[in-house]
Amino acid sequence: MINIKDNLDKIKAQITQACQLNNRLVNSVQLLAVSKTKPIEDIEQAYQAGQHHFGENYLQEALEKVEHLSHLEEICWHYIGPIQSNKTKQIASHFSWVHSVDREKIALRLNDHRKDAINENESHLTPLNVCLQVNISEEKTKSGISPEQIFALAEVVNQCDNLTLRGLMAIPEKNANKAIYQEMSQLFSELKSRYVSVDTLSLGMSNDLAIAIEHDSTMVRIGTAIFGQRNNK
Ligand SMILES: *Cc1c(COP(=O)(O)O)cnc(C)c1O
């Protein structure tokens with residue numbers, strides 16, 4: 001049986017080690033626990049162990065979890081999956097972060113729906129935190145914009161009152177070489193120099209956490225190494 005708390009401790013030790021190797025502050029890298037396909041009980045266990053940020057890819061599944069766990073006051077949900085335009089309303093009203101924005105149309109729809117959600121629920125909703133997904137390995141099967149498209153889309157998001165442009169997200173192909181990570185780091189640094197709100201490079205998963213942290217990742221998205229293998233969906 002897997003022990004989620006032990007796994008979280010191991011991942012945190014790996015993050016600490018990678019930070020120390022690269023002269024980075026340990027708290028400069030945030031851990032996002034990717035709980036897709038995993039049951040509510042696993043998320044509760046991780047929460048009890050102090051993990052508050054969770055990432056989900058499949059909207060229907062995610063909405064059930066968000067609702068079931070709404071009593072956990074500090075839980076923070078990140079949407080990291082592909083976005084269809086007919087799903088933007090649900091995403092804008094139930095998540096704090098979206099890592100996978102890759103089209104102007106999607107950004108504008110999220111902005112409109114977030115505005116409605118904020119108006120309906122004045123008390124605690126803030127603008128939606130947005131990362132642009134970059135298809136850095138230029139894989140045909142992956143979503144995301146090409147590096148040249150980043151700055152135009154960033155400006156669209158920046159103009160949206162109900163979105164906060166936080167940074168970039170990427171999923172490098174398996175065994176990508178260092179140049180890919182260097183390019184992401186470069187693009188992030190350029191974006192940061194243009195927008196004060198940008199502080200997030202969402203890069204690194206169970207298998208490439210160390211190289212991602214070496215290249216300035218500020219948020220690693222870890223699934224398998226915390227919750228064990230997923231049944232394929
Ligand atoms: C599934 C997923 C992850 C987690 O991957 P692991 O290899 O299980 O750590 C991270 N990011 C995205 C976008 C994912 O879809």
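Worth saying up front: this structure is predicted, and the values here are computed from it rather than measured.

Rules used in this analysis
- Residues numbered from 1 in each chain as written.
- Predicted model: local features only at pLDDT ≥ 70, side-chain atom pairs only at ≥ 80, totals over all residues.
- Heavy atoms only, no water.
- Helix = DSSP H or I, 4+ residues; strand = E, 2+ residues; numbered from the N terminus.
- Rg over C-alpha atoms; globule rule 2.2 N^0.38 Å.
- Areas by Shrake-Rupley, 256 points an atom, 1.4 Å probe, with all protein chains shown as cover.
- Lys, Arg positive; Asp, Glu negative; His and termini not counted.
- Charge placed at Lys NZ, Arg CZ, Asp CG, Glu CD.
- Near = heavy atom within 4 Å.
- Polar contact = N/O pair within 3.5 Å; in protein donor to acceptor, adjacent residues only side chain to side chain.
- 1 Å grid on protein atoms, 1.4 Å probe; cavity = no way out; pocket = protein on both sides within 12 Å on 5 of 7 lines; lining within 4 Å.
- Sits in = over half its atoms within 2 Å of the grid points.
- Nonpolar A, V, L, I, M, F, W, Y, C, P; charged D, E, K, R; others polar.
- Salt bridge = Lys/Arg side-chain N within 4 Å of Asp/Glu carboxyl O.
- Buried < 20%, exposed > 50% of the residue type's maximum accessible area, 1.4 Å probe, protein only.
- Pairing = 2+ DSSP bridges.
- Right-handed = clockwise from strand over helix to strand, strands pointing away.

**Considerations on the overall build of the protein chain**
Counting its secondary structure elements, the protein chain contains 9 helices and 8 strands. By the compact-globule yardstick of 17 Å for 233 residues, the protein chain fits well, its C-alpha radius of gyration being 17 Å. Its C-alpha atoms give the protein chain principal-axis dimensions of about 45 × 40 × 35 Å. A total accessible area of about 11,800 Å² is found for the protein chain, and carbon and sulfur atoms account for 45% of it. Each charge class in the protein chain can be summarised by its mean position, and for the 24 positive and 29 negative side chains these summaries are 4 Å apart.

**Structural notes on the site of the ligand**
Near the ligand, the surroundings consist of Val34, Lys36, Asn57, Ile80, Ile171, Met205, Ser206, Arg221, Ile222, Gly223, Thr224 and Arg230. At a separation of 2.5 Å, an oxygen atom of the ligand approaches a polar side-chain atom of Ser206. Here a nitrogen atom of the ligand sits 2.8 Å away from a polar atom, N or O, in the side chain of Arg221. Taking a 2 Å distance to the grid points as the criterion, the majority of the atoms of the ligand fall inside the largest pocket. Partitioning the shell around the ligand into residue classes produces 5 nonpolar, 4 polar and 3 charged.

**A look at the pattern of salt bridges**
If you walk through the whole model with that rule in mind, you get 7 salt bridges. A cluster of three or more residues bridged by salt bridges with shared partners is formed by Glu56, Glu61 and Lys65.

**So, the pairing of strand S5 (residues 128-134)**
Across the 7 residues of S5, 7 count as buried, placing the element largely inside the fold. Burial of the side chains of S5 extends over both faces: Leu128, Val130, Leu132 and Val134 are buried on one face and Asn129, Cys131 and Gln133 on the other. Of the strand pairs in this sheet, strand S4 (residues 97-101) and S5 are connected by 3 bridges, and their pairing is parallel. Its bridge partner lying in S5, Trp97 is registered against Asn129. Across 7 bridges, the pairing between S5 and strand S6 (residues 163-170) is parallel. Bridge pairing in S6 links Cys131 to Gly167. Crossover handedness for the path S5 to helix H6 (residues 150-159) to S6: right-handed.

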